[in-house]
Amino acid sequence: MGNETRRKNPRILGVVALIFIIIGLYWGLMHAPPDAYQGDVQRIMYLHIPSILTAYLSFFLVFIGSCLYLWKRERRDDILAYSAAEIGVLFTALTIIEGSIWGKPTWGVWWTWDARLTLTAVLLLIFAGYLMLRSLTEDESRAASSAAVLGIIGFLDIPLIHMSVYWWRTLHQPPSILRPDKAPWENIHPAMLTAVAINFVAFMLLYFYLLSLRLRLGETKDQIKLSRLSRG
Amino acid sequence: MAFLKQAGLLLAKDLRLELRRREILLTMFFFGTLLLFVFHFSFDLAPEKVLEMAPALLWLAFLFTGTLGLAQLFQSERDNHCLDALLVSPLDRGAFFVAKVSFNLILMLIVEVFVMPLFWILFNLRSWNLMPLLFLITLLGTAGFCVLGTLLSAMTLRARARELLLPLILFPLMIPVILATIRGMEAVIRSGGLAEGAPWLRLLVGFDVMFLTAGILMFDWVIDN
Amino acid sequence: MHITIRQLAKSYGFLWALKDVSFDLAPGELVALLGPNGAGKTTLLKLLAGLTTPTSGAIEFDGDRPGRNSNRWRSKIGFLVPGEHLYENLTVRENLQFFCRLYDKNHSGAALDHALDTLSLSSRSKEFVAALSSGMKCRLAIAKWQLLEPELLLLDEPYGVLDGRGVDLLEGFLKRQCEIGRIVVVASHHVSRVLQLCSRALILHQGRLIFDEPRRQPWESFARAFSDFLPHGE
């Protein structure tokens, strides 16, 4: 792939993401009807659901990048893991903030120790720790392999954390879209579903836009390092 | 066979060094006892409430003393560049990991064997009959702590501010163990048997086995330069 | 053991310690590794010892590239750092026993005693290493590698803390190693000492190998290279 196309692609992605975000916001805030029980507060779900899904995708990419790095030792995979972790922390934090804003009028509290909330908070802590480990380890190749192991351990731990906090307490409403007994479109007003879908696409585009920027940043850093190396 | 022989050799070396200096064991034990006093002063619990709180307080004490021990876990290898001496040797990295986990586990169990009865004495608890079952759950939880703690301790070995960093990355990952041990012990105290807490025990065993395997497989990526 | 080093390079962050280093090592060679501080000597030794992995390039032992967990090769490589790599709170004898078991060498107690005896450490065998002088620690390190019988022995700056008798012991030990077909690589600043000892000299300068010749008498090319790159005559 030529340099020219690589430089242009992310920008196009960014513009498309912006368009989708505008459409998604219009659809979610104006077009979709208010929720029968929760009223307008429910509209925050149009951001909340896509952001948690992108956060999960991030942590999956950290896992994939970490495995690939330990296997093949390619800088590219390490940069992928690092970038995905950073963006993942961002989206997890967003998810928690949105959840709080929604929780206050709906549940009457900013924070409650329900299983999914706790899991999300723990994820944030794990990957904040991951970033901290990276920044506090000076030797780069050592930081990369330690972080890769931590990325894998963290990912393996998620089902266990999920199980433990779920047994511990469950108060959260059951997942509102994917319910095993009914098809999604039977539960929800079609306009609401469309709003979620559009916002989901918008967040995915935004996510990959940010990721491609962050990947390029990582690669540029490496190139600077390499050129300094060859100059001596 | 060679794997176990190497692990045994290393464990014997660490135990011998610890018997000579007793630094880690004594500081851990002293700190654990200190925490019990601090808990007693800060909570001022009514006797009937104490038994309810016992699992949480005990585990807080174990978690903190354990972290203290983890920070010292590779001390004998840090002196005199002995870590390099081990890394240039034909030592299997998995055996190295198993030896350090066992060493850490033995230290923590020794401390716990003393601190737990001390808790019962200091807080005037009577239900001594529950102690074996509670200790069984503690054993499983401590094993999980040691397995993951050893791996992360090696990970932070060459990081700046490693003593501060270690609990920051370890504690979030330990949440299944913390929840499972405390809830499991509560179930034992409530019902007097293991049946009620069985799911928590299974979770603990799963955690221990999973991360022990992961550690043996991945330790060389963490410890090698 | 034949060792082939091809285009070896190692970088630490923004610094490069070694670049494009290639050479071969044959049995019986005693190689002096020279160069100013920061020339990459220690890095090269660490790479040979498997303590760190190259950024690019490769080291082959008898045509075999050790990968992850290559313990077969590790048992044949020794890394003698005087006064280090010994447990301070184990006794002299315990240290030797520990490392012999770690390298799976079944030496009898008599063999251990003999090794201690040749280095006049017998009377110290029950003392803690922490209580030894640095010269004594170096002798213990020699005893250790005498017992572990590596095919490639690497030494980093061995002369610094050795007393006169220690130097004789060490050089005698290294010469015997080469006579029985083992390879010795010595990195040092004590140019005059290692030049008398070695059969070949390598000079590293800013991470590059700038000189590699077997020893001759007289050795003008060495003198030239040496004065060019080590102007202070270290």
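Residues numbered from 1 in each chain as written. Chains lettered and ligands numbered in written order. Predicted model: local features only at pLDDT ≥ 70, side-chain atom pairs only at ≥ 80, totals over all residues.

**Focus on the overall build of chain B**
- Within chain B, the regular secondary structure consists of ten helices and zero strands.
- Secondary structure elements of chain B, listed N to C terminal, follow the sequence α-α-α-α-α-α-α-α-α-α.
- In terms of overall size, chain B behaves like a compact globule, its C-alpha atoms giving a radius of gyration of 18 Å where 225 residues would be expected to give roughly 17 Å.
- Within chain B, the fraction of its 225 residues that count as buried is 49%.
- Of the contacts formed within chain B by residues at least 6 apart in sequence, a portion of 82% connects residues at least 24 apart. (Helix = DSSP H or I, 4+ residues; strand = E, 2+ residues; numbered from the N terminus. Rg over C-alpha atoms; globule rule 2.2 N^0.38 Å. Buried ≥ 20, exposed ≤ 12 C-beta atoms within 10 Å, placed from the backbone. Contact = placed C-beta atoms within 7 Å.)

**Describing the overall build of chain C**
- The helix and strand tally for chain C stands at eight helices and nine strands.
- Taken over C-alpha atoms, the radius of gyration comes to 18 Å for chain C, in line with the 17 Å a tight globule of 234 residues would show.
- In terms of overall dimensions, chain C has a C-alpha envelope of 50 × 40 × 35 Å along the principal axes.

**Things to note about the interface of chain A and chain B**
- Of the residues lining the interface, 28 residues belong to chain A; the matching set on chain B comes to 24 residues.
- When residues of the side of chain A that touches chain B are traced back to their parent elements, those giving at least two are helix H4 (115-136) and helix H5 (140-168) of chain A.
- Grouping the constituent residues of the side of chain A that touches chain B by class yields 18 nonpolar, six polar and four charged. (Nonpolar A, V, L, I, M, F, W, Y, C, P; charged D, E, K, R; others polar.)

**Some thoughts on the nonpolar core**
- Grouped together as the largest cluster of nonpolar side chains are 194 residues, with contacts concentrated most on Leu33, Leu154 and Val185 of chain C.
- The contacts of Val185 of chain C, once residues within four sequence positions are left out, are Val31, Leu33, Leu45, Leu48, Leu154 and Leu155 of chain C. (Core = buried A, V, L, I, M, F, W, Y, C linked by C-beta atoms within 7 Å.)

**Section: the confidence of the model for chain B**
- Of the residues in chain B, 100% reach a pLDDT of 70 or more, and the chain-wide mean stands at 92.
- Within chain B, the lowest mean pLDDT, 88, falls on helix H4 (residues 75-78) of chain B, and the highest, 96, falls on helix H7 (residues 131-155) of chain B. (pLDDT = per-residue confidence, 0-100.)

**Comments concerning the interface of chain B and chain C**
- Tallying the contact residues gives 22 residues for chain B and 22 residues for chain C.
- Taken together, the elements giving at least two residues each to the side of chain B that touches chain C come down to helix H1 (2-21) and helix H5 (82-88) of chain B.
- Residue contributions to the side of chain B that touches chain C peak at six residues, all from H1 of chain B.
- For the side of chain B that touches chain C, the residue count by class is eight nonpolar, six polar and eight charged.

**With respect to the pairing of strand E9 (residues 208-214) of chain C**
Residue and element names in this part refer to chain C.
- Here strand E8 (residues 200-205) pairs with E9 via six bridges, running antiparallel. Its bridge partner lying in E9, Leu202 is registered against Asp212.
- Following E8, the chain reverses through two residues before pairing antiparallel with E9; Gln206 in that reversal takes a positive phi of roughly 50 degrees. (Pairing = 2+ DSSP bridges.)

**Thoughts on the packing of helix H6 (residues 93-122) of chain B against helix H10 (residues 198-223) of chain B**
Residue and element names in this part refer to chain B.
- Two numbers describe how H6 lies on H10: the axes approach to 8 Å, and their chain directions differ by 100 degrees. It follows that H6 is roughly perpendicular to H10 by the angle criterion. When H6 is examined against H10, the residues Arg93, Gly94, Phe96, Phe97 and Val98 are found in contact with a partner set consisting of Gly215, Ile216, Phe219, Asp220 and Ile223.
- For the contact of H6 with H10, the residue count by class is six nonpolar, two polar and two charged. (Axes fitted to C-alpha atoms, helices over the stretch in contact; angles between N-to-C directions. Parallel < 35°, antiparallel > 145°, perpendicular 65-115°, else oblique.)

**Side note on the packing of helix H3 (residues 92-102) of chain C against helix H5 (residues 134-148) of chain C**
All names here are of chain C.
- Packing of H3 against H5 leaves a shortest axis separation of 10 Å and a crossing angle of 30 degrees. It follows that H3 is roughly parallel to H5 by the angle criterion. Of the two elements, H3 crosses H5, and the hand of that crossing is right-handed. Residues Val92, Asn95, Leu96, Phe99 and Cys100 of H3 lie in contact with H5, whose contacting residues are Leu140, Ala143, Lys144, Leu147 and Leu148.
- Along the lines of polarity and charge, the residues of the contact of H3 with H5 split into eight nonpolar, one polar and one charged. (Left-handed = near helix turned anticlockwise from the far one by under 90°.)

**Looking at helix H1 (residues 41-49) of chain C**
- With eight of nine residues buried, H1 of chain C lies mostly within the body of the structure.
- Lys41, Thr43, Leu44, Leu45, Lys46, Leu47, Leu48 and Ala49 of chain C are the residues of H1 of chain C that are buried.

**Regarding the sheet that holds strand E1 (residues 3-12) of chain C**
Residue and element names in this part refer to chain C.
- The three strands lie next to each other as E2-E1-E4, forming an open sheet whose pairing is antiparallel. The two strands at the open ends of the sheet, each matched to only one other strand, are strand E2 (15-25) and strand E4 (56-61). Direction aside, neighbouring strands of the sheet carry axes that sit 20 degrees apart on average.
- When E1 meets E4, the two strands line up antiparallel, connected through five bridges. Bridge pairing in E4 places Ile5 opposite Ile59.
- Against the sheet, H1 makes contact with E1, E2 and E4, and its axis sits at roughly 60 degrees relative to E2, the strand it touches most.

**Notes on unusual backbone geometry**
- Residues other than glycine seldom take positive phi values, yet Arg73 of chain A does so here, at roughly 60 degrees.
- Take Arg73 of chain A: it is sitting in the loop between helix H2 (45-72) and helix H3 (75-107).
- Phi at Glu157 of chain C is positive, roughly 50 degrees, even though this residue is not glycine.
- Along the polypeptide, Glu157 of chain C turns up in the loop between strand E6 (152-156) and helix H6 (164-179).

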